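Commentary on secondary and tertiary structure
What follows is each chain in one-letter form.
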Amino acid sequence: MALAELCEAYWMPVYHVLRRRGRSDDDAREMTQAFFAHVLEGGRLAGANPSRGRFRSYLIGALRHFESDLREREGRLKRGGAVVGEPLGSDHVAEP
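Description of the structure in this document. These numbers come from a predicted model, not from an experiment.

Parameters at a glance
Residues numbered from 1 in each chain as written. Predicted model: local features only at pLDDT ≥ 70, side-chain atom pairs only at ≥ 80, totals over all residues. Heavy atoms only, no water. Helix = DSSP H or I, 4+ residues; strand = E, 2+ residues; numbered from the N terminus. Buried < 20%, exposed > 50% of the residue type's maximum accessible area, 1.4 Å probe, protein only. Contact = heavy atoms within 4.5 Å. Salt bridge = Lys/Arg side-chain N within 4 Å of Asp/Glu carboxyl O.

1. So, the overall build of the protein
Along the protein, the regular secondary structure elements total three helices and zero strands. From first element to last, N terminus to C terminus, the protein shows the α and β order α-α-α. Going through the 96 residues of the protein one by one, you find that 23% of them count as buried. The contacts in the protein between residues at least 6 apart in sequence include a share of 56% that link residues at least 24 apart.

What follows is the structure, given as structure tokens:
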């Protein structure tokens, strides 16, 4: 139940941060959902330490990393990252 309360309490602040960073309404909603799924399934909340600062600051930092990873994945796909390469065999050696 505590996780549900946490998500309910922080869903709108995370959504608003994404909107302020230029995401459309639909993109911000989808990213907020994906972010919370990412944080909850990966056990990343264990990294929050009250002695290191406020929980909201921790979440914003985690969101920044999530966005960075997402941009990196999107960029990789644009450059053909989804294509599986095949090694050239010895019969494909370039001649001088």
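Having seen the structure, we can now continue with the description.
2. Thoughts on the pattern of salt bridges
In this structure the tally under the stated criterion is two salt bridges. The shortest N-O distance in the salt bridge between Arg 21 and Glu 67 comes to 2.2 Å. Of the two residues, Arg 21 is situated in the loop between helix H1 (2-20) and helix H2 (25-41) and Glu 67 in helix H3 (residues 55-78); the sequence distance between them amounts to 46 residues. Given a relative accessible area of 37%, Arg 21 falls into the partly exposed group. Across the pair Asp 25 and Arg 29 runs a salt bridge whose closest N-O atoms are separated by 3.2 Å. Pair noted here: Asp 25 and Arg 29 are both in helix H2, with a separation of four residues, about one helical turn. Classification of Asp 25 by relative accessible area gives partly exposed; the value is 30%.

3. Considerations on the side chain of Glu 67
Judged by relative accessible area, which is 5%, Glu 67 ranks as buried. Residue contacts for Glu 67: discarding those within four places in its chain leaves Leu 18, Arg 21, Arg 23 and Met 31.

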